[in-house]
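An overview of the molecular structure
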Amino acid sequence: MSLFRKDWTPAEADEWGINDWIAVIISPLIYVLILVGGSLSMLLIPAGFALAGAGIVLLLVLLRVIDPKLSAVSRGYEQKQKQYIEELERKVKWED
């Protein structure tokens, strides 16, 4: 299983896998790095720039890992919503 897999079906994307665990682990790390790095950068401390940069790099990795999965889940919900609306319109028009 590839870490940067791009083609997901909605059913596959709805199940937890390594991509989700990576997102769970690095999301708080990104938050802390950008927060601390930004604060130190405002004080012109060189380590702050490095920490903020590391946070931004990890953010880009996170987006590359989890975005295809989120897009697939979103497509699945859009399809279900479309089917539900069509069914609701048929019932409202008494076309059952």
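Above this text is the structure in question.
What this report covers is the structure whose coordinates are included nearby. (Residues numbered from 1 in each chain as written. Predicted model: local features only at pLDDT ≥ 70, side-chain atom pairs only at ≥ 80, totals over all residues. Heavy atoms only, no water.)

Turning our eyes to something else, we now look at helix α2 (residues 18–42). Since the α-helix turns once every 3.6 residues, residues separated by three or four places project in the same direction. Compared with the 36 Å implied by 1.5 Å per residue over 25 residues, the 36 Å span of α2 between its first and last C-alpha is a close match. Helix geometry: α2 is bent most strongly at I26, by close to 30 degrees, with proline P28 lying one to four residues after it. For α2, the secondary structure elements touched by its buried residues are α3 (46–92). Just downstream of α2 lies L44, where phi reads positive at about 60 degrees. (Helix = DSSP H or I, 4+ residues; strand = E, 2+ residues; numbered from the N terminus. Expected span 1.5 Å × (residues − 1). Bend = angle between axes of the 7 residues up to and from the residue. Contact = heavy atoms within 4.5 Å.)

Nonpolar side chains collect at one region of the surface, where W16, I18, W21, V24 and I25 lie side by side and expose about 580 Å² of accessible area between them. Mapped onto the secondary structure, V24 falls in helix α2. Relative accessible area serves as the criterion here: at 41%, V24 is assigned to the partly exposed category. (Patch = residues over 30% accessible without salt bridge, like charges linked within 9 Å, V, L, I, M, F, W, Y side chains within 5 Å. Areas by Shrake-Rupley, 256 points an atom, 1.4 Å probe, with all protein chains shown as cover. Salt bridge = Lys/Arg side-chain N within 4 Å of Asp/Glu carboxyl O. Buried < 20%, exposed > 50% of the residue type's maximum accessible area, 1.4 Å probe, protein only.)

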